[in-house]
Amino acid sequence: MGEQKSREARSPQRDKTLSLERDCRDAYGENNKSRRKNIPLFKAQSNRRARHAAKVAIETVDDDQPDALDARLANADKKASHPFKTKHPDRPLGECLERRKPR
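Bear in mind that the values here come from a model prediction, so they are computed numbers and not experimental data. Counting from 1, residues in each chain are numbered in the order their sequence is written. In keeping with the predicted nature of the model, local features appear solely for residues at pLDDT of at least 70, side-chain atom pairs appear and are counted solely at 80 or more, and the whole-chain, interface and lining totals rest on all residues. As a convention, hydrogens and water are excluded, and side-chain values are obtained from all of the structure's heavy atoms.

Participant: Help me out: how do you make sense of the overall build of the chain in this one?
Facilitator: Helix and strand definitions follow DSSP, with helices as H or I runs of at least four residues and strands as E runs of at least two, each counted in order from the N terminus. Across its full length, the chain carries 4 helices and 2 strands. Helices (α) and strands (β) of the chain occur, in sequence order from the N terminus, as α-β-α-α-β-α. Throughout this description, buried means an accessible area under 20% of the type-specific maximum (1.4 Å probe, protein chains only), exposed means over 50%, and partly exposed covers the range between. Put simply, the chain has 103 residues, and 12% of those count as buried. In this analysis, two residues are considered to be in contact whenever any of their non-hydrogen atoms come within 4.5 Å of each other. Sequence separation of 24 or more characterises 63% of the internal contacts of the chain that already satisfy a separation of 6 or more.

Quick look at the structure:
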């Protein structure tokens, strides 16, 4: 137990630069609570939209056109794999503060 690593001795300036690089700021454009609720909501909505498109494709196809069903189901599958809204990772704190600086 005597061989524990000690914390690296850093200056306050080095701590500040590491903090600006490692700490992240929400760049999603909403507050944290709405983000936690809206991300699952838009995922669920896009899945519902895809299921609805598949259901409509199956119901509207004629028995004479089996190829049309494949094309419509492929289109519904494409809708499911490409939601209208996507998530973005948080931005580093230094970058957020740089954008706020008056020019």
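Next comes the rest of the account.
Participant: What exactly am I supposed to notice about the side chain of serine 46 here?
Facilitator: Within the fold, serine 46 resides in helix H2 (residues 32–60). We classify serine 46 as buried; its relative accessible area is 6%. Nitrogen and oxygen atoms within 3.5 Å of one another constitute a polar contact, given that in protein one can donate a hydrogen and the other can accept it, and given that sequence-neighbouring residues count only through two side-chain atoms. At 2.9 Å, the side chain of serine 46 and the backbone oxygen of lysine 43 are in polar contact.

Participant: Please clarify how the pattern of salt bridges should be interpreted in this entry.
Facilitator: Close approach of charged atoms lets side chains of opposite charge pair. Definition used for salt bridges: Asp or Glu carboxyl oxygen within 4 Å of a side-chain nitrogen of Lys or Arg. Summed over the entire model, instances satisfying the criterion amount to 2 salt bridges. Of the charged contacts, one joins arginine 10 and aspartate 15 as a salt bridge, the two residues approaching to 2.7 Å between their closest N and O atoms.

Participant: Can you help me understand the confidence of the model for the chain in this one?
Facilitator: In low-pLDDT segments, the atomic positions of the prediction should not be examined closely. Along the chain, pLDDT gives the predictor's confidence residue by residue, from 0 to 100. Confidence along the chain averages 77 in pLDDT terms, with 82% of residues attaining 70 or more. Within the chain, no element has a lower average pLDDT than helix H3 (residues 66–81), which sits at 75, and none a higher one than helix H1 (residues 12–22), at 86.

Participant: Can you walk me through the environment of arginine 25 in this structure?
Facilitator: Here arginine 25 is to be found in strand S1 (residues 24–25). On the basis of relative accessible area, arginine 25 is assigned to the partly exposed category, the value being 32%. Separated by 68 residues in sequence, arginine 25 and leucine 93 have C-alpha atoms that sit 5.3 Å apart. When residues no more than four places from it in sequence are discounted, the contact partners of arginine 25 are Asp90, Arg91, Leu93, Cys96 and Arg100.

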